[in-house]
Amino acid sequence: MRRPAANSVIRPDFKFEDMGIGGLDKEFSDIFRRAFASRIVPPGLAEKIGIQHVRGILLFGPPGTGKTLIARQIGKMLNAREPKVINGPEVLNKYVGQSEENIRKMFADAEKEQKERGDESDLHIIIFDELDAVCKQRGSTGGGTGVGDSVVNQLLSKLDGVEQLNNILLIGMTNRKDMIDEALLRPGRLEVHMEISLPDEHGRQQILKIHTNKMRTNGTMAPDVDLPELARLTRNFSGAEIQGLVKDASSWALQRHIKAGTMAALSDDVVNMKIRMEDFMRALDEVHPLFGANDEDLE
Ligand code: ATP
């Protein structure tokens, strides 16, 4: 008989502000409350008051909005093992039976690791990225091998398993919730659904702050860089695209140094490179949002 799950503990040194997540305060606290809070209740008490753990959650929304980031940071906050990340298309295998075997193995590995550590109380997170690639509505695999169907069945049997997945939490991620087989989204399976959307202006400013943090503290950022203005100019950008914008702006600043022949003066401890607002404006000509434009309201 498996021991009941012990409780996770929130690391006392963890603060939301230090997590490097911009503009998703509400989403973070909702996901924590709905899917993780039960895990900090002592098991005896949880049993007494009938609290049951959520077995799986689905995070959906456009690419690069921080779904993986949130999942990893909540795991860290609860001192969980580094999550296993499985990519949907990678699980698919042309050999009959191999895809189901891949799923079975991913759960078996998680269980084995817990036993090897001798502590089955550790929370173990499995992130299933691009879930839609394998878990399409069954029967919709369109003349293919039906591999998707059997992968869904294998996942369902793992989530419904007779053995409680006490300390394993499956987090599915997708850009296409409408493509996911509904059977997977029922209670007891991927039961908590949370949308992570593109950031609003306030969120974009937070994300810009996070990704320019080092430059601001070590003096690499020129005083004319106006983050509120950049937040206004980056409508429809995802967090990942904002990160890309900062990288691109840095490349313009570096190019200026290379041209001026001042690269040699840069060393690990001499920071005389400056990234300016003009570098960001050039970057804005080069880096564009996947959806819509930076001056367009999406429906
Ligand atoms: P996908 O759907 O493509 O898997 P995702 O939603 O899981 O994307 P992440 O992988 O979490 O997106 O984001 C990629 C990177 O973009 C992060 O590692 C981080 O550097 C940056 N990023 C995205 N969103 C945010 C955010 N809200 N705050 C800070 N950084 C962010």
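My aim in this report is to walk through the structure given alongside it, one point at a time. Owing to the predicted nature of the structure, the values given are computational and were not obtained by experimental measurement.

## Comments concerning the environment of P12
Argument step 1. Tracing the chain through its elements places P12 in the segment before α1 (25–36).
Argument step 2. The exposure class assigned to P12 is exposed, which follows from its relative accessible area of 81%.

## Side note on the pattern of salt bridges
Argument step 1. This model, assessed by the stated rule, comprises 13 salt bridges.
Argument step 2. Ionic pairing is found between E82 and R72, a salt bridge with its closest N-O pair at 2.5 Å. Pair noted here: E82 is in the loop between α3 (67–77) and β2 (84–87) and R72 is in helix α3, with a separation of 10 residues, a long-range link.
Argument step 3. When its relative accessible area of 28% is taken as the criterion, R72 is described as partly exposed.
Argument step 4. Each member of the salt-bridge network shares a partner with another, and the members are R256, R276, E278 and D279.

## Considering the site of the ligand
Argument step 1. Surveying the vicinity of the ligand reveals 18 residues, the closest of which are G22, G64, K67, T68 and Q243.
Argument step 2. G22 places a polar main-chain atom, nitrogen or oxygen, 2.8 Å from a nitrogen atom of the ligand.
Argument step 3. Within the contact set of the ligand, an oxygen atom lies 3.5 Å away from a side-chain nitrogen or oxygen of D129.
Argument step 4. The fraction of the free accessible surface of the ligand (630 Å²) that becomes covered by protein chains is 80%.
Argument step 5. The class makeup of the residues in the shell around the ligand is six nonpolar, 10 polar and two charged.

What counts and how
Residues numbered from 1 in each chain as written. Predicted model: local features only at pLDDT ≥ 70, side-chain atom pairs only at ≥ 80, totals over all residues. Heavy atoms only, no water. Helix = DSSP H or I, 4+ residues; strand = E, 2+ residues; numbered from the N terminus. Buried < 20%, exposed > 50% of the residue type's maximum accessible area, 1.4 Å probe, protein only. Salt bridge = Lys/Arg side-chain N within 4 Å of Asp/Glu carboxyl O. Near = heavy atom within 4 Å. Polar contact = N/O pair within 3.5 Å; in protein donor to acceptor, adjacent residues only side chain to side chain. Areas by Shrake-Rupley, 256 points an atom, 1.4 Å probe, with all protein chains shown as cover. Nonpolar A, V, L, I, M, F, W, Y, C, P; charged D, E, K, R; others polar.

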